[in-house]
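Results of the structural survey
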Amino acid sequence: MGQYSKAETEGHLLIVTIERPEVMNALHPMANQELSDIFDEFAANPELWVAIITGAGDKAFSAGNDLKWTVQHGLPRMPRSGFAALTTRFDLVKPIIAAVNGFALGGGLEIALACDLIVAAEHATLGLPEPKVGLMAAAGGVHRLPRQIPLRIAMGMLLTGRPLTAADALRYGLVNEVVPKSELLAAATRWAEAIAECSPLSVQASKQAALGGLGLPFEEALGKSYPAVNKLFASEDAKEGPRAFAEKRKPVWKGR
């Protein structure tokens, strides 16, 4: 348990909670550094396969950058891995699920956009209001949002600061599922458990290849060499899966 966040493990799952509800889980440099340490450990620990990130309480996932802190101290310096230690963490092949439990605004939405799946509570609000306070969504929001939803919808959000309801976010494909707030963590955990039923190396190879090839022409993406893919096909898991299928039993994944 840190001062600004909480990290809990359940088997192969890591659940990270931003613990600053008094400021709608907004982040300042100390909170970002704490999250950086948590996700560094997640990346390095072979027993942790999937992570969920959420916010304390049911009012806000995160309101983004702590503007009151910024007024007092100036624009914050970010860890190498970016806002919440996720927005520029490009080498993480393990999947992360955002459980959006309320307002995901500015940097809060940028955290969710940097995750692989998003589950939102029915009352959640998702937006990038930075232009309304003389800033911009510079932690990847201006680039990720137009890649994840239709361009006109994204530009409407970016240029006006208007947010989406959870229902509209689902309609535009920005989130995977919308549930009542009381069911949010259970729904995110259900997604995590479904991922953990698969070989962790298969999941990591799939993530690295899908995202690594996203901006490439198809033929180039298909022919590119991905380290996680090479690791998968040289692994014990790649032998265990077909063997378990042939023997009509559940596979025992070792992640190696």
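These notes cover the structure that comes with them. Since the model is a prediction, treat every value here as computed from it, not as a measurement. (Residues numbered from 1 in each chain as written. Predicted model: local features only at pLDDT ≥ 70, side-chain atom pairs only at ≥ 80, totals over all residues. Heavy atoms only, no water.)

Things to note about the environment of R89
Along the chain, the position of R89 falls in the loop between helix 2 (67–73) and strand 5 (96–100). Placed 61 residues apart in sequence, R89 and H28 show a C-alpha to C-alpha distance of 18 Å. Not counting residues within four places of it along the chain, the set of residues in contact with R89 comprises S36, F39, D40 and S81. (Helix = DSSP H or I, 4+ residues; strand = E, 2+ residues; numbered from the N terminus. Contact = heavy atoms within 4.5 Å.)

Focus: the pattern of salt bridges
Per the counting criterion, the structure on display carries 12 salt bridges. Of the charged contacts, one joins K6 and E19 as a salt bridge, the two residues approaching to 3.7 Å between their closest N and O atoms. You can see K6 sitting in strand 1 (residues 5–10) and its partner E19 sitting in the loop between strand 2 (13–18) and helix 1 (29–44), a full 13 residues away along the chain. The class for K6 is partly exposed, based on a relative accessible area of 21%. A relative accessible area of 25% places E19 in the partly exposed class. One salt-bridge network, held together by shared partners, links E240, R243, E247 and R249. (Salt bridge = Lys/Arg side-chain N within 4 Å of Asp/Glu carboxyl O. Buried < 20%, exposed > 50% of the residue type's maximum accessible area, 1.4 Å probe, protein only.)

Brief notes about helix 8 (residues 200–212)
Its 13 residues give helix 8 an end-to-end C-alpha distance of 18 Å, which sits within 8% of 18 Å, the value for a rise of 1.5 Å per residue. In this structure, the buried side of helix 8 is in contact with helix 7 (184–196), helix 10 (227–233) and helix 11 (237–246). (Expected span 1.5 Å × (residues − 1).)

Focus: the sheet that holds strand 4 (residues 60–62)
Spatially, 4-6-8-9 is the arrangement adopted by the four strands of the open sheet, whose pairing is mixed. Each edge of the open sheet is held by one strand with a lone partner, namely strand 4 and strand 9 (164–165). Where strand 6 (residues 103–105) meets strand 8 (residues 125–127), three bridges bridge the pair, whose relative direction is parallel. Bridge pairing in strand 8 places A104 opposite L126. (Pairing = 2+ DSSP bridges.)

As for the nonpolar core
Counting 44 residues, the largest nonpolar core has F39, I53, I96, V100, I111, L145 and L174 as the members making the most contacts within it. Those elements that provide at least two residues to this core are strand 2, helix 1, strand 3 (50–55), strand 5, helix 3 (107–113), strand 7 (117–121), helix 5 (151–160) and helix 6 (166–171). If near-sequence neighbours (up to four positions away) are discounted, F39 is found in contact with V16, A51, I53, A84, A85, L86, R89 and I96. Of all hydrophobic cores here, the second largest spans 18 residues; its members include I97, L117, V119 and L184. (Core = buried A, V, L, I, M, F, W, Y, C linked by side-chain atoms within 4.5 Å.)

A look at the side chain of T87
Structurally, T87 is set in the loop between helix 2 and strand 5. Judged by relative accessible area, T87 falls into the buried class, the value being 3%. Not counting residues within four places of it along the chain, the set of residues in contact with T87 comprises S81, G82, E110, I111, A114, A139 and R144.

Remarks on the pairing of strand 7
Counting buried positions along strand 7 gives five out of five residues, so the element sits mostly inside the fold. Side-chain alternation along strand 7 places L117, V119 and A121 on one buried face and I118 and A120 on a second face that is also buried. Bridge count for strand 5 against strand 7 is four bridges, and the pairing is parallel. Paired with I97 across the bridge in strand 7 is L117. As defined by bridge partners, strand 7 adjoins strand 10 (residues 177–179) across three bridges and the pair is classed as parallel. Bridged to A120 within strand 10 is V178.

Details of the packing of helix 4 (residues 141–148) against helix 5
The description of two packed helices rests on the angle between their axes and on the distance between the axes. Here helix 4 crosses helix 5 at 150°, and the two axes come no closer than 7 Å. One way to sum up the angle between helix 4 and helix 5 is to call them roughly antiparallel. Remark: the crossing between helix 4 and helix 5 carries right-handed chirality. Between helix 4, through G141, V142, L145 and P146, and helix 5, the contact on the second element is made entirely by L151, A154, M157 and L158. Of the residues that constitute the contact of helix 4 with helix 5, the class distribution is seven nonpolar, one polar and no charged. (Axes fitted to C-alpha atoms, helices over the stretch in contact; angles between N-to-C directions. Parallel < 35°, antiparallel > 145°, perpendicular 65-115°, else oblique. Left-handed = near helix turned anticlockwise from the far one by under 90°. Nonpolar A, V, L, I, M, F, W, Y, C, P; charged D, E, K, R; others polar.)

Structural notes on a negative patch on the surface
Among the surface-exposed residues, E8, E10, E193 and E197 lie close enough to one another that they form a single negatively charged patch. Of note, E193 is situated in helix 7. (Patch = residues over 30% accessible without salt bridge, like charges linked within 9 Å, V, L, I, M, F, W, Y side chains within 5 Å. Areas by Shrake-Rupley, 256 points an atom, 1.4 Å probe, with all protein chains shown as cover. Lys, Arg positive; Asp, Glu negative; His and termini not counted. Charge placed at Lys NZ, Arg CZ, Asp CG, Glu CD.)

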